[in-house]
Amino acid sequence: MKIKYFQDTDALYIELREAKITETKDVDENTLIDLDEKGKVCCITIEQATQRVDMPNFSFKWMAA
């Protein structure tokens, strides 16, 4: 998984897995979901991210099963 923030466009891009994207769906006017040929989610784009996500307090923690 890769998470990228593009400051110039204020967009947060979350790549859940690498795959060929065959379709993009609008969840709302500022959220896009990219799907592969089987309809599985590959990526999520959040536009106007600083207004919608608590960017300064973002953290990631791996939890054991």
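For the structure itself, look to the data block above.
Computed from a predicted structure; not experimentally measured.

A.B. asks: If you had to explain the overall build of the chain to someone new, which residues and values would you point to?
C.D. replies: Each helix and strand in the chain was counted, giving 1 helix and 5 strands. Put simply, the chain runs from its N terminus to its C terminus through helices and strands in the order β-β-β-β-β-α. Sorting the 65 residues of the chain into buried and exposed places 23% on the buried side. The contacts in the chain between residues at least 6 apart in sequence include a share of 33% that link residues at least 24 apart. Side-chain charges in the chain split into 9 positive and 13 negative, and the spacing between the mean points of these groups amounts to 9 Å.

A.B. asks: Break down the pattern of salt bridges for me, with residues and values.
C.D. replies: One pass over the full model with this rule turns up 3 salt bridges. R52 serves as the salt-bridge partner of D28, at 3.1 Å between the closest nitrogen and oxygen. Of the two residues, D28 sits in strand β3 (residues 23–28) while R52 sits in helix α1 (residues 49–52), which places them 24 residues apart along the sequence. The partly exposed category is assigned to D28, whose relative accessible area is 36%.

A.B. asks: How would you explain the sheet that holds β3 if you had to name every residue and give the values?
C.D. replies: Here 5 strands make up an open sheet; going across it, the order is β1-β2-β5-β4-β3 and the pairing antiparallel. Both outer strands of the open sheet, β1 (2–6) and β3, are each paired with one neighbouring strand and no more. The average undirected angle you get between the axes of adjacent strands in this sheet is 15°. Taken together, the 5 bridges between β1 and strand β2 (residues 11–15) define a ladder with antiparallel strand orientation. Directly across from I3, in β2, lies its bridge partner I14.

Parameters at a glance
Residues numbered from 1 in each chain as written. Predicted model: local features only at pLDDT ≥ 70, side-chain atom pairs only at ≥ 80, totals over all residues. Heavy atoms only, no water. Helix = DSSP H or I, 4+ residues; strand = E, 2+ residues; numbered from the N terminus. Buried < 20%, exposed > 50% of the residue type's maximum accessible area, 1.4 Å probe, protein only. Contact = heavy atoms within 4.5 Å. Lys, Arg positive; Asp, Glu negative; His and termini not counted. Charge placed at Lys NZ, Arg CZ, Asp CG, Glu CD. Salt bridge = Lys/Arg side-chain N within 4 Å of Asp/Glu carboxyl O. Pairing = 2+ DSSP bridges. Axes fitted to C-alpha atoms, helices over the stretch in contact; angles between N-to-C directions.

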